[in-house]
Amino acid sequence: VTIRDCSYDAFYALLLFLYTDSFHNSRSDVALAQLALDVLPLAELYDLPRLLQLCESTLIETPGLINADTVLDLYELACRLRATNLRNRCNWFISKHFDQIVETEAWIHKVSVELKSHFHSLAILHSPPALELTLPRPPHHLPLSPLLLRLEIPHPQPTEPPQPRNPLLQQI
C-alpha cells in the first residue's frame, strides 16, 4: 500500500494514535508542532476528530508558534481542515495583534479583500470600547458606569419582624 502526501513520521504518529489514543511524545516543542502540522491533514482526511483535536491543542499550546508572521497561514490551514479551535485561536490572536499583522508580507500579498474586511471587523469588535469618551459626565462627576446609570435598583421596603411560630411564645 502506497500512501502519498504524507511523511513517514506523520503516518507513524497516526498509527501510534490509533493504537494508543495519544499524540504527545518526547519531541521538543518545535518538532512536536511540526509533527502536528503534518498530522493535522491526516486527521481530517481519515475523519479522526480526537486526533484533530490533539493536533490543534499542540499547535495552540506551542509557545511562540502563533505569531504575526505565522497566524495567517495557520488560519488558512485551520479553515481548510475544519480545525475550529485553531481557527478560533487565530481569530483571537489577529484581533489582539491586528496592528502588527497588517504590516506583514503575508497580509499585503496573500490575504483577500474579503478576509481583510473580516479581520478588520474582528479587530474593531475586540478593541476596548471608547464609551467613556463619548458619554456625558454623570451628575456631580461621579465615576459611575454608564450601565449603572440606567439601572433601576429597587430600594428595600421595611418589613415587620417575623412572628414566632411556637404557640407558647405567641401567648407571652
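Remember, predicted model here, so these are calculated numbers, not experimental data. (Residues numbered from 1 in each chain as written. Predicted model: local features only at pLDDT ≥ 70, side-chain atom pairs only at ≥ 80, totals over all residues. Heavy atoms only, no water.)

A count of helices and strands for the protein chain gives 11 helices and 0 strands. Helices (α) and strands (β) of the protein chain occur, in sequence order from the N terminus, as α-α-α-α-α-α-α-α-α-α-α. Expressed as a percentage of contacts within the protein chain between residues at least 6 apart in sequence, the contacts between residues at least 24 apart total 57%. Element-wise, carbon and sulfur atoms account for 58% of the exposed surface of the protein chain, whose accessible area totals about 12800 Å². (Helix = DSSP H or I, 4+ residues; strand = E, 2+ residues; numbered from the N terminus. Contact = heavy atoms within 4.5 Å. Areas by Shrake-Rupley, 256 points an atom, 1.4 Å probe, with all protein chains shown as cover.)

As a further point, take the nonpolar core. The nonpolar side chains of a soluble globular protein tend to be buried, and buried together. With 42 residues, the main nonpolar core has Phe23, Leu51 and Leu72 as its most contacted residues. Within the residue set of this core, elements represented by two or more residues are helix 1 (8-20), helix 2 (29-45), helix 3 (49-61), helix 4 (71-80), helix 5 (84-96), helix 6 (98-101), helix 7 (105-110) and helix 8 (113-126). The element contributing the most residues to this core is helix 2, with 8 residues. In this structure Leu72 touches Ile94, Ile101, Thr104, Ala106, Trp107, Val111 and Phe119, once residues within four positions along its chain are discounted. (Core = buried A, V, L, I, M, F, W, Y, C linked by side-chain atoms within 4.5 Å. Buried < 20%, exposed > 50% of the residue type's maximum accessible area, 1.4 Å probe, protein only.)

Right, let's get into the pattern of salt bridges. Tallied over the full model, the rule gives 4 salt bridges. With its nearest N and O atoms 3.4 Å apart, the salt bridge here joins Arg50 to Asp21. Here Arg50, found in helix 3, pairs with Asp21, found in the loop between helix 1 and helix 2; they are 29 residues apart in sequence, far enough to count as distant. Classification of Asp21 as partly exposed rests on a relative accessible area of 41%. (Salt bridge = Lys/Arg side-chain N within 4 Å of Asp/Glu carboxyl O.)

Turning our eyes to something else, we now look at unusual backbone geometry. Even without being glycine, Asp21 reaches a positive phi, approximately 55°. In the Ramachandran plot, Arg82 falls in the positive-phi region, its phi being about 55° despite a non-glycine side chain. Accessibility expressed as a relative area gives 58% for Arg82, which makes it exposed.

Turning our eyes to something else, we now look at the packing of helix 4 against helix 5. Closest axis-to-axis distance for the helix 4/helix 5 pair is 8 Å, and the angle between their directions is 150°. In terms of their interaxial angle, helix 4 and helix 5 are classed as roughly antiparallel. In this structure, helix 4 crosses over helix 5, and the sense of that crossing is left-handed. Together, Val71, Leu72, Leu74, Tyr75, Ala78 and Cys79 of helix 4 and Leu86, Arg87, Cys90, Asn91, Phe93 and Ile94 of helix 5 make up the contact between the two elements. Looking at side-chain class alone, the contact of helix 4 with helix 5 contains 10 nonpolar, 1 polar and 1 charged residues. (Axes fitted to C-alpha atoms, helices over the stretch in contact; angles between N-to-C directions. Parallel < 35°, antiparallel > 145°, perpendicular 65-115°, else oblique. Left-handed = near helix turned anticlockwise from the far one by under 90°. Nonpolar A, V, L, I, M, F, W, Y, C, P; charged D, E, K, R; others polar.)

For the rest of this paragraph, the subject is the environment of Phe17. Residue position: Phe17 is located in helix 1. Placed 31 residues apart in sequence, Phe17 and Leu48 show a C-alpha to C-alpha distance of 9.8 Å. Once residues within four sequence positions are removed from consideration, Phe17 is found in contact with Ser22, Leu48, Arg50, Leu51 and Leu54.

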